[in-house]
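Next come the chains, spelled out residue by residue.
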Amino acid sequence: MDAGYWFANLRQTVRFEEAVRELAGHGYYVLVPNLYYRRGPAPVIDLPEHIGEEARPAVFAQVMPLIEEHTTERVLCDADAYLRFLTAEPEVGAGPVAVLGYCLGAVLAMRTATTHPGRVAAVAGFHPAALVTDAPDSPHRLVSELTAEVHIGLAEGDMTPEALSEFTRALDTAGVVHTTETYPDTVHGFTMSDTAAFSPAGLQRHWDRLLPLLDRTLNKG
């Protein structure tokens, strides 16, 4: 089986479990790490069953400290460990991997792919966090290292027109095969069925883009 590489959020929600089962059903080995294991085993924090607008301030008050301490150094250290784990698993084929991410996970997926171009054949990010910043290590500044094919599925308002233009220009200049698409009638978080942002049409479009990407880029055994 080929390796799928799935960046989890703060808990393994029903949404993630459904996604993992879907990918595994297509023959992929799927890894869902606890990004915040330094704080303890999952669930790292207790979240409500459904995150509506009224719950968001309290959730973000708990989440942001975890995100802020998850430095680039930690991201790359962990990514190396995850890839070494996959390589050692007997069920995993010898081919490349895909890195997938949602919100912050899209940024982590890009960082992993640019750091391990020989291993990563596909990157998919959905309703991503900031891919274009002023930081020297902004993801868009590192795309010259990419050998992977990239798909970014945006909610309306995820990126300003200027940021999106800068991101796609960087990919074009680097010769990266890519698609960036704004999914209609969506808001940030549209794949997450346990939030008020959920869009069934957006989730389906995500699958319609993701599965062909994996078919094109991973060697199925």
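Heads up: these notes are all about the structure in this document. Along each chain, the written sequence defines residue order, and numbers are assigned to residues from 1. A pLDDT threshold of at least 70 governs which residues receive local features in this predicted model, and a stricter bar of 80 or more applies before side-chain atom pairs are shown or counted, although totals over entire chains, interfaces and linings include all residues. Derived side-chain values reflect all non-hydrogen atoms in the structure, with water molecules and hydrogen atoms excluded from consideration.

**Focus on the overall build of the protein chain**
Part 1: A run of DSSP states H or I qualifies as a helix once it reaches four residues; a run of E qualifies as a strand once it reaches two. Both are numbered from the N-terminal end. Secondary structure assignment for the protein chain yields six helices and six strands.
Part 2: Walking the protein chain from its N terminus toward its C terminus, one meets helices and strands in the order β-α-β-α-α-β-α-β-β-α-β-α.
Part 3: By residue count, 52% of the 221 residues in the protein chain fall in the buried class.
Part 4: For the protein chain, the accessible area works out to roughly 10300 Å², and carbon and sulfur atoms hold 55% of it. Each residue gets one of three labels from its accessible area relative to the maximum for its type: buried under 20%, exposed over 50%, partly exposed in between, using a 1.4 Å probe on protein chains only. A 1.4 Å probe and the Shrake-Rupley method give the accessible areas. Residues count as covered only by the protein chains that appear here.

**Regarding the environment of Glu69**
Part 1: Among the secondary structure elements, Glu69 is positioned in helix H2 (residues 56-69).
Part 2: For the pair Glu69 and Tyr36, spaced 33 residues apart in sequence, the C-alpha to C-alpha distance is 9.4 Å.
Part 3: Not counting chain neighbours up to four residues away, the residues in contact with Glu69 comprise Arg39 and Arg74. Only heavy atoms matter for contacts: two residues are in contact if any of them lie within 4.5 Å across the pair.

**What to know about the nonpolar core**
Part 1: Grouped together as the largest cluster of nonpolar side chains are 34 residues, with contacts concentrated most on Leu86, Met110, Val120, Val123, Leu146, Val150 and Phe167.
Part 2: Of all the elements in the fold, those that place two or more residues in this core are strand S2 (28-31), helix H3 (72-88), strand S3 (97-102), helix H4 (104-115), strand S4 (120-126), strand S5 (149-154) and helix H5 (161-174).
Part 3: When residues of this core are assigned to their parent elements, the largest contribution, six residues, is made by H4.
Part 4: The residues touching Met110, leaving out its near neighbours within four places in the chain, are Val123, Leu131, Pro139, Val143, Leu146, Val150 and Phe167. Buried Ala, Val, Leu, Ile, Met, Phe, Trp, Tyr and Cys residues form a nonpolar core when they are joined through side-chain atoms within 4.5 Å.

**Quick look at the packing of aromatic side chains**
Part 1: By convention, a stacked pair of Phe, Tyr or Trp rings (six-membered ring in the case of Trp) has centres within 6.5 Å and planes under 30 degrees apart, an edge-to-face pair has planes over 60 apart, and any other such pair is tilted. Enumeration over the complete set of coordinates arrives at two aromatic pairs.
Part 2: For the ring pair Tyr183 and Phe190, a centre distance of 5.2 Å and an interplane angle of 45° mean the geometry is tilted. Pair check on accessibility: Tyr183 and Phe190 agree, each one buried.
Part 3: Placement of a positive charge over a ring is assigned whenever Lys NZ or Arg CZ falls within 6 Å of the ring centre and within 35 degrees of the normal to the ring plane. One residue, Arg205, lies across the ring of Tyr183, its end atom 5.8 Å from the ring centre.

**Brief notes about helix H6 (residues 200-217)**
Part 1: Look at H6: 26 Å from first C-alpha to last across 18 residues, which is about the 26 Å you get at 1.5 Å a residue.
Part 2: Residues of H6 that are buried include every one of Gly202, Leu203, His206, Trp207, Leu210, Leu211, Leu213, Leu214 and Thr217, and no others. Down the axis of H6, the sector holding all buried residues measures 160°, keeping them to one side. Opposite its buried face, H6 presents the exposed residues Ala201 and Arg216, each directed more than 90 degrees away. To estimate the expected span of a helix, count its residues, drop one, and scale the result by 1.5 Å. Here, the arc refers to the directions that run from the helix axis to the C-beta atoms.

**Some remarks on the pattern of salt bridges**
Part 1: We define a salt bridge as a side-chain nitrogen of Lys or Arg found within 4 Å of a carboxyl oxygen belonging to Asp or Glu. Taken as a whole and judged by the stated rule, the model has six salt bridges.
Part 2: In this structure, Arg216 engages Glu149 in a salt bridge whose closest nitrogen and oxygen atoms are separated by 2.7 Å. You can see Arg216 sitting in helix H6 and its partner Glu149 sitting in strand S5, a full 67 residues away along the chain.
Part 3: Judged by its relative accessible area of 53%, Arg216 is exposed.
Part 4: A residue is classified by how much of its surface remains accessible, and Glu149, at 16% relative accessible area, is buried.
Part 5: Notably, a salt bridge pairs Glu181 with Arg205, separated by 2.7 Å at the nearest N-O pair. Of this pair, Glu181 sits in strand S6 (residues 178-182) while Arg205 sits in helix H6, placing them 24 residues apart in sequence.

**What about the pairing of S3?**
Part 1: Of all six residues making up S3, six are buried, and the element is well covered by its neighbours.
Part 2: On S3, burial covers both faces: Val97, Val99 and Gly101 on one face and Ala98, Leu100 and Tyr102 on the other are all buried.
Part 3: With six bridges connecting them, S3 and S4 associate as parallel partners. Opposite Tyr102, over in S4, you have Phe126 as the bridge partner.
Part 4: At this point the chain moves from S3, through H4, to the parallel S4, and the crossover so formed is right-handed. Here, any two strands with at least 2 DSSP bridges between them count as paired. Handedness of a crossover: with both strands directed away from the viewer, a clockwise path from the first strand across the helix to the second marks it as right-handed.

**Observations concerning H4**
Think of an α-helix as turning once every 3.6 residues; residues three or four places apart then point the same way.
Part 1: The terminal C-alpha atoms of H4, which comprises twelve residues, lie 17 Å apart, in line with the 16 Å expected from a rise of 1.5 Å per residue.
Part 2: Most of H4 is tucked away: eleven of the twelve residues are buried.
Part 3: Every buried residue of H4 is accounted for by Leu104, Gly105, Ala106, Val107, Leu108, Ala109, Met110, Arg111, Thr112, Ala113 and Thr114.

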